[in-house]
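# Inside the fold
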Amino acid sequence: NCSFTLNKESDICITFDGGKIRCDIVAPNIVTFKDGETTLSTQEVSSGNKATKPADPTKAGYTFVKWQLDGSDYDFSSAVNSNITLNAVWAYKSIESISLNESEHMTWVGNSDFTLTPTYSPSDVITKTVTWSSNNESVATVSNGTVQAVGAGTATITCTITDMFNNQRSAT
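None of the values given here were measured: they were computed from a predicted structure.

### Side note on the packing of aromatic side chains
Using the criterion set out here, one finds 8 aromatic pairs in the structure. Taken together, a centroid distance of 4.9 Å and an interplanar angle of 90° make the contact between Tyr74 and Phe76 edge-to-face. When its relative accessible area of 16% is taken as the criterion, Phe76 is described as buried. Relative to Phe165, the ring of Tyr92 has its centre 5.4 Å away and its plane inclined at 70°; by these criteria the two rings are edge-to-face. Residue Tyr92 is located in strand E9 (residues 84-92), and its partner Phe165 is located in the loop between strand E16 (157-163) and strand E17 (168-171); the two are separated by 73 residues in the primary sequence. A relative accessible area of 36% means that Tyr92 is categorised as partly exposed.

Structure follows, in structure tokens:
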């Protein structure tokens, strides 16, 4: 006589052992999806079955690349026969483009300063530096995007953004 109560999804293994029926409850394998030390999700998978590939995780400044098991790319068509941990592999996003909120601005000495704001793509790229320059500081100076007219004439203000890989994009 074999009786049992299941508290959660498990496999049941019924075998004949020397003329007797043996009933075993086999716990599912746990597949853990991690980003570094952070557990993103887990799945319970019966031995011999396959893990389901989850939706790609997101992380500011990075693009998700793949899942790895012990440093090798994981094949989601593989059977799971033990507890495993899959680690997310990421690539840094690189800056692609930059623009400023104004392309031309007329002002005069003594008028209020104005601020230029850069917008770059992708918007969550990890920036290393943002630098500002004026090609004619006798006409206009710039500090952190704030432009001040200091003399008559024309000046071109340039904003340059450098990402983690030293890729640069500029806008004027």
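Additional details are given in the paragraphs that follow.
### A look at the nonpolar core
With 15 residues, the main nonpolar core has Leu100, Leu116, Trp132, Val147, Ile157 and Cys159 as its most contacted residues. In terms of residue count, E16 provides more of this core than any other element does, 3 residues in total. Apart from the residues lying within four places of it in its own chain, the contact partners of Leu100 are Leu116, Thr117, Pro118, Trp132, Ile157, Cys159, Ala171 and Thr172.

Rules behind the numbers
- Residues numbered from 1 in each chain as written.
- Predicted model: local features only at pLDDT ≥ 70, side-chain atom pairs only at ≥ 80, totals over all residues.
- Heavy atoms only, no water.
- Phe/Tyr/Trp six-rings, centres within 6.5 Å; stacked < 30°, edge-to-face > 60°.
- Buried < 20%, exposed > 50% of the residue type's maximum accessible area, 1.4 Å probe, protein only.
- Helix = DSSP H or I, 4+ residues; strand = E, 2+ residues; numbered from the N terminus.
- Core = buried A, V, L, I, M, F, W, Y, C linked by side-chain atoms within 4.5 Å.
- Contact = heavy atoms within 4.5 Å.

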